[in-house]
Amino acid sequence: MGYAMTGLLIRGQLVPVSGHDVIQPASAGGPAWAHLDPGDYRQRPALWVRQVLVHSTGGNWPMPLGPGTGPGGECRWIADIWQSDPVHSAAQIVVDSAGTICCLYDLAYTMAYHAEGSNPWSVGIEMYQFPDGRMMQATVDAAAACAMAICGAFQIPFQHHGGAYGGDPLPRMETGVGHMRHNSGGPDCVGIFGHRDNTSARGRGDPGDAIYKALVALGSESLDFRSGEDLKIARVRQMKLLSLGERLTVDGLVGPASMAAAKRQGFASWRDVA
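Calculation rules
- Residues numbered from 1 in each chain as written.
- Predicted model: local features only at pLDDT ≥ 70, side-chain atom pairs only at ≥ 80, totals over all residues.
- Heavy atoms only, no water.
- Helix = DSSP H or I, 4+ residues; strand = E, 2+ residues; numbered from the N terminus.
- Rg over C-alpha atoms; globule rule 2.2 N^0.38 Å.
- Contact = heavy atoms within 4.5 Å.
- Areas by Shrake-Rupley, 256 points an atom, 1.4 Å probe, with all protein chains shown as cover.
- Lys, Arg positive; Asp, Glu negative; His and termini not counted.
- Charge placed at Lys NZ, Arg CZ, Asp CG, Glu CD.
- Disulfide = S-S within 2.5 Å.
- Buried < 20%, exposed > 50% of the residue type's maximum accessible area, 1.4 Å probe, protein only.
- Polar contact = N/O pair within 3.5 Å; in protein donor to acceptor, adjacent residues only side chain to side chain.
- Core = buried A, V, L, I, M, F, W, Y, C linked by side-chain atoms within 4.5 Å.
- Axes fitted to C-alpha atoms, helices over the stretch in contact; angles between N-to-C directions.
- Parallel < 35°, antiparallel > 145°, perpendicular 65-115°, else oblique.
- Left-handed = near helix turned anticlockwise from the far one by under 90°.

A.B. asks: I keep staring at the overall build of the protein and nothing clicks. Help me out?
C.D. replies: Within the protein one finds six helices and 16 strands. In terms of C-alpha radius of gyration, the protein reaches 18 Å, essentially the compact-globule figure of 19 Å for 274 residues. Taking the principal axes of the C-alpha coordinates as reference, the protein spans close to 55 × 40 × 35 Å. Taking as baseline every contact in the protein between residues at least 6 positions apart, the subset at least 24 positions apart corresponds to 70%. Put simply, the protein shows about 11,500 Å² of open surface, and 56% of that area lies on carbon and sulfur atoms. Separation of charge centres in the protein, based on 21 positive and 25 negative side chains, amounts to 8 Å.

Dropping the structure here:
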């Protein structure tokens, strides 16, 4: 390809995604096309990054899952579309049909316009979907591994919304419909979500069902955010850390302080705190 493929750009450093090729942004030595249009992002506010939002390019359902890899190369095509499209919408990361990941900007410093209210505190991953609705297993697997790497880099607990899709978003992320629709982005939702969990403007095919299975296979904890299971479990774990001598606010929000406390106490992951 004529350029190195190394990692996601986060705080000026390249972070690898284990087992997967990553095209870095043009600003970090990647190809000239690997960037976001200025109209599709702005500087991220100084906020705690707490969500990974996974999308599909088509949002179509049903979504047949193809085995193995596709031809690849779609990252550039998607990036070119976003750069020429007058609609201000894009994600920081694209995954093509061959499972190649492309990072278009520094994830820590860029707030891309991909998920309305969640934009300030989230990173967006766009999975390529063929026009006939198909998605390749390689795409899903790479997106799940990418989400895991992002969680590690930002101290986000490796957990996702695993409740059954009922045709509507999480009320903690969006309420109302039509002209009454309000997308808050769920500031108390911490982990990995599909775009369909974030907004009623999308459906089951954004991002489909396969990504959730892939996350479980990598060890992500499946929690029902609709019922508040994530908050209840987090409070129990924060209380456990308090009993071990840590000083934390017991609020159910698993931020950097909770994650750092778990690490100090020798827990390998957030789900191990028990």
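On we go from here.
A.B. asks: Help me understand the state of the cysteines in this model?
C.D. replies: Where two cysteines share a covalent bond between their sulfur atoms, that bond is called a disulfide. Evaluation of the coordinates by the stated rule reveals zero disulfides. Here C102 is not disulfide-linked; the sulfur of C75 is the nearest cysteine sulfur, at 5.0 Å.

A.B. asks: For this particular structure, what's the right way to read the side chain of S97?
C.D. replies: Mapped onto the elements of the fold, S97 is located in the loop between β7 (93-95) and β8 (101-103). Overall, S97 belongs to the buried group, its relative accessible area being 0%. One polar contact links the side chain of S97 to the main-chain amide nitrogen of G72, over a distance of 2.9 Å.

A.B. asks: What exactly am I supposed to notice about the nonpolar core here?
C.D. replies: Looking at soluble globular proteins, one finds that nonpolar side chains tend to be buried together. Counting residues in hydrophobic clusters, the biggest one holds 39 residues, and the most contacted among them are L8, I93 and I150. Looking at this core, the elements that each hand over two or more residues are β1 (8-10), β5 (51-56), β7, β8, β10 (122-127), α2 (137-154) and α4 (210-217). Ranked by residues supplied to this core, first place goes to α2 with eleven residues. W33, I78, A91 and M136 belong to the second largest nonpolar core, which has 18 residues in total.

A.B. asks: What's the story with the packing of α2 against α4 in this structure? I'm lost.
C.D. replies: The packing of two helices is summarised by the inter-axis angle and the distance between the axes. Two elements in contact, α2 and α4, have axes separated by 9 Å at closest approach and are oriented at 55°. In this view, α2 runs oblique relative to α4, as classed from their interaxial angle. Relative to α4, α2 is oriented so that their crossing is right-handed. Here V140, D141, A143, A144 and A147 of α2 lie close against α4, whose contacting residues are A210, I211, A214 and L215.

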